[in-house]
Amino acid sequence: MLILGIETSCDDTGVAVVGDGYKILSNIVFSQEEHKKFSGVVPEIASRKHLEYIHNLIEKALSGANILLSDIDAVGVTVKPGLIGSLLVGLSVASTISYLTGKPLIPVNHIESHIYAASFDNNIDFPFIGLIVSGGHTLLTVWNSWVDKKIIGTTIDDSVGEAFDKVAKLLDLGYPGGPIIDKIAKGVKESSVSFPLVMLNNKEDRYNFSYSGLKTSVVYYIRNNREYNKEDVVYSFQKAAIDVLYKKTVIACKDFNINNVVIGGGVAANSYLREVFLSDKKLKTFFPSIKLCTDNGVMVAGLAYYLYKNGIVINDPKSIEPVDKILTYNDKKALRK
Ligand code: KG4
Ligand code: ZN
């Protein structure tokens, strides 16, 4: 079964063709450069750029897979969470293709597809603890199958990727901050600076995270130590940001008696995060390839296959309501047991 996957939740336009949930026939990602000068994504620009490029990228994805539009069996599209304007571009195009070809339209949740990305390079056994670490989300989840999962924890403020981006901005390192910080930290062996593992011992927030406090600690450190060493700050920030992800994942694994861990999202590309999880031999941790960590259409087309097999299709595009947040504030409070 050939599925065309369309991803436009943020600032990357991703289009791909995947066969039977695992054969990648094409993978086209257009990353918008326009946001760099703002050190963050400008929603209005993001949706305009999706609109500008998406048709051409669909043509490229089809020709890359050596097929015609009429050869696809279904269209998978990211419907949430993400930037509303960006999501609507992908949804409008995907529903039009579905209407014209008469092929099913499959709604894909962006964060779930980040987890699915790991399955292209690994044979993943259920159940597993899923850790989603991206620019928009930091979530701990428990999965029993590709269609049976629940959220057990979230960030109560910033996401971990956002913290990487904000700290990089603070230190004038460029955007997006994650890969830059990762590269600088690799060159540091140890640092005299230390930042707190925020909310680690907080029973109420056993599986929840907080990153705005860590960012504030970095702000104060810089303010109070004018002669600070940038490399040391970067190294210690990254260590504090990642160590808390690892420790909370281990807590969840113990509580749920699960050893398999799947990590997805842009921050899953981080080399220190990979090192920390992979050096724990009690866990079996699976990662997507580096290329599939950040937003792409492959993960959408892949997960769409399993959703379709489970009868999940959109019969009426008007019934889909893209939302920009996965959890409301009250949802988050409910997770703070
Ligand atoms: O998953 P993604 O492409 O978009 C969202 O769904 O948000 O994630 C983007 C985030 C950015 O915050 C970026 O700084 C971060 O992933 N990122 C990294 C690395 N590569 C990308 N963070 C840490 N280390 C990396 N190597
Ligand atoms: Zn993403």
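Residues numbered from 1 in each chain as written. Chains lettered and ligands numbered in written order. Predicted model: local features only at pLDDT ≥ 70, side-chain atom pairs only at ≥ 80, totals over all residues. Heavy atoms only, no water.

**Topic: the pattern of salt bridges**
Tallied over the entire structure, the rule returns twelve salt bridges. Among the salt bridges present, the one from Glu-33 reaches Lys-36, with a minimum N-O distance of 3.0 Å. Since its relative accessible area comes to 48%, Glu-33 is described here as partly exposed. Beyond isolated ion pairs, a larger network of salt bridges with shared partners links Asp-158, Glu-162, Lys-166 and Lys-215. (Salt bridge = Lys/Arg side-chain N within 4 Å of Asp/Glu carboxyl O. Buried < 20%, exposed > 50% of the residue type's maximum accessible area, 1.4 Å probe, protein only.)

**Concerning the coordination of the zinc ion (ligand 2)**
Put simply, the ideal angle at a metal is 109.5 degrees for four donors in tetrahedral geometry and 90 or 180 degrees for six donors in octahedral geometry. The coordination sphere of the zinc ion (ligand 2) contains the protein donors His-110 (NE2), His-114 (NE2) and Asp-295 (OD), at a distance range of 2.0 to 2.1 Å. Sequence positions of the donors to the zinc ion (ligand 2) reduce to the motif H-x3-H-x180-D. Highlighted residues: His-114 in helix H3 (residues 110-116) and Asp-295 in the loop between helix H9 (290-293) and helix H10 (298-309), separated in sequence by 181 residues. Per residue, the accessibility class of His-114 equals that of Asp-295, and both read buried. (Donors = N, O, S within 2.8 Å, 3.2 Å for Na, K, Ca; no water. Helix = DSSP H or I, 4+ residues; strand = E, 2+ residues; numbered from the N terminus.)

**Focus: the environment of Leu-214**
Within the secondary structure layout, Leu-214 lies in helix H6 (residues 212-224). In this structure, the C-alpha to C-alpha distance between Leu-214 and Asn-27, residues 187 residues apart in sequence, is 36 Å. Excluding residues within four positions of it along the chain, Leu-214 makes contact with Phe-195, Pro-196, Val-198, Phe-237, Ala-240 and Ala-241. (Contact = heavy atoms within 4.5 Å.)

**Structural notes on the sheet that holds strand E5 (residues 105-109)**
Hydrogen bonding along the main chain pairs the strands of a sheet, whether they run parallel or antiparallel. Strand order in the open sheet formed by five strands is E3-E2-E1-E4-E5, with mixed pairing between adjacent strands. The outermost strands of the open sheet, each flanked by one partner alone, are strand E3 (23-31) and E5. Averaged over all pairs of adjacent strands, the angle between strand axes in this sheet comes to 20 degrees, irrespective of strand direction. When strand E2 (residues 12-19) meets E3, the two strands line up antiparallel, connected through eight bridges. When the bridges of E3 are listed, Gly-19 appears paired with Lys-23. Sheet contacts for helix H1 (residues 43-64): strand E1 (2-7), E2 and E3; angle to E2, the most-contacted strand, approximately 25 degrees. (Pairing = 2+ DSSP bridges. Axes fitted to C-alpha atoms, helices over the stretch in contact; angles between N-to-C directions.)

**Re the domain arrangement of the protein**
Segmenting the protein into domains produces domain 1 (2-115 + 293-326) and domain 2 (126-287). Between the C-alpha centres of domain 1 and domain 2 there is a distance of 27 Å. Between domain 1 and domain 2, the contact holds 20 residues from the first and 22 residues from the second. At the boundary of domain 1 with domain 2, the tally comes to one salt bridge. (Domains from an automatic or database assignment.)

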